[in-house]
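# Tertiary structure, described
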Amino acid sequence: MKLKIFGKKSLSQLLFYITRLTTIGYGIFLLFIGYAFASEDFIGISNGQFQIEVPLTDSAIKGYYDLSTIGSIIVFFIFYTLFFYILSMVFKTFREEVLFTKLAIKYLTYFTIINLFFPFVYGILQIIISYKIDFNDLSIAFLHIILGIFSMFIVTIFKQGVQLQEETELTI
């Protein structure tokens, strides 16, 4: 059996479901962390550190109980919830029979924007909140910028594809 890349019953459809489930997972976890900090349920605080017990697992989230750490965790989960949601929408457009559409361009553009600009926004927030930049985050930021540049090329290709499709429909 050969798996198609685009269309119904394709790799795009499988990736749509995987990224949509990942979006839901990140969203639920974001809500759980927000609830834990707001209500102080599931959370233990001692010696300036917090520990959030994750239900149904033997794991915990630990860190310093300060604005920088809490802000970084929340911003991280907001970003990746948006990242996987937009990516799922890109894969959703790839499931359609017509590949080059304005809707595909729209979601590819959103994907480009989130990957190009969020690393800078995150860096600025880190400087404002903690007065420093964590150099461990630079490699991830660099990868997102590369992904954004690559998706910018794909957006341009899709724009040309839509234009060619429209010209072809006019000649028919």
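Throughout, a residue's number is its position along its own chain's written sequence, starting from 1. Reporting of local features is limited, given that this is a predicted model, to residues whose pLDDT is at least 70; pairs of side-chain atoms are given and counted only at 80 or more, and all residues count toward the totals for whole chains, interfaces and linings. Note that water and hydrogens are dropped before the side-chain values are worked out from all heavy atoms of the structure.

To get an axis, a line is fitted to the C-alpha atoms, and for a helix only the part in contact is used. The angle between two axes follows their N-to-C directions and goes from 0 to 180 degrees. Runs of H or I in DSSP of at least four residues are treated as helices and runs of E of at least two as strands, each being numbered from the N terminus. Running from N to C, helix α1 (residues 11–39) and helix α2 (residues 67–94) cross one another at 160°; their axes reach a closest spacing of 8 Å. With respect to α2, the element α1 is oriented roughly antiparallel. Considering how the two elements wind past one another, α1 and α2 form a crossing that is left-handed. Here the angle decides the label: under 35 degrees means roughly parallel, over 145 means roughly antiparallel, 65 to 115 means roughly perpendicular, and every other value means oblique. A clockwise turn of the near helix away from the far one marks a right-handed crossing, whereas an anticlockwise turn of less than a right angle marks a left-handed crossing.

Let's shift gears to the side chain of N115. Mapped onto the elements of the fold, N115 is located in helix α3 (residues 102–130). A polar contact of 2.8 Å, which involves the side chain of N115, links it to the backbone oxygen of F111. Polar contacts, as used here, are pairs of N or O atoms within 3.5 Å; protein pairs need one atom able to donate a hydrogen and one able to accept it. Residues neighboring in sequence count only if both atoms are side-chain atoms. For N115, the side chain forms a polar contact with the side chain of H144, separated by 2.6 Å. The contact definition used throughout considers only heavy atoms, calling two residues in contact when any of these lie within 4.5 Å. Those residues in contact with N115, other than ones at most four positions away along the chain, are F83, H144, I145, L147 and G148.

F83 and F158 are the most contacted members of the largest nonpolar core, which has 24 residues in total. The set of elements that each furnish at least two residues to this core consists of α2, α3 and α4 (136–171). Residues A36, I43, I70 and I73 belong to the second largest nonpolar core, which totals 12 residues. Residues belong to a common nonpolar core when they are buried Ala, Val, Leu, Ile, Met, Phe, Trp, Tyr or Cys residues joined through side-chain atoms within 4.5 Å. With a 1.4 Å probe rolled over the protein chains alone, any residue whose accessible area is under 20% of its type maximum counts as buried; one over 50% counts as exposed, and the rest are partly exposed.

Our focus in this paragraph is the packing of aromatic side chains. Two rings belonging to Phe, Tyr or Trp (six-membered ring only in the last case) form a pair when the distance between their centres is within 6.5 Å. Interplanar angles under 30 degrees mark stacking, angles over 60 mark edge-to-face geometry, and anything in between is tilted. Counting across every chain of the model gives 23 aromatic pairs. Taking 5.2 Å as the distance between ring centres and 90° as the angle between the ring planes, the aromatic pair formed by F76 and F77 counts as edge-to-face. Of the residues examined, F77 reaches a relative accessible area of 12% and is grouped as buried. Three or more aromatic residues joined by ring pairs form one cluster here, namely Y26, F29, F32, F76, F77, F79, Y80, F83, F84, F111 and F118. The positively charged end of R95 is found above the aromatic ring belonging to F16, 4.4 Å away from the centroid. We call a charge positioned over a ring when the NZ of a Lys or the CZ of an Arg lies within 6 Å of the ring centre and within 35 degrees of the ring normal.

So, about unusual backbone geometry. The phi dihedral of K9 is positive, around 50°, even though this residue is not glycine. Of note, K9 is situated in the segment before α1. One non-glycine residue, L56, lies in positive phi territory at about 65°. For L56, the location among the structural elements is in the loop between β2 (49–53) and β3 (60–64).

Residue-level confidence of the predictor is summarised by pLDDT, bounded by 0 at the bottom and 100 at the top. On average, residues of the protein score 88 in pLDDT, and 95% of them are at 70 or above. Between the elements of the protein, mean pLDDT differs from a low of 78, seen in strand β1 (residues 43–46), to a high of 93, seen in α1.

As a further point, take the pairing of β1. Both β1 and β2 contribute to a ladder of four bridges, which runs antiparallel. Bridging from a neighbouring strand, S46 pairs with Q49 of β2. DSSP calls a pair of strands paired once it identifies at least 2 bridges connecting them. Between β1 and β2, which follow one another and run antiparallel, lie two residues, and N47 among them has a positive phi close to 55°.

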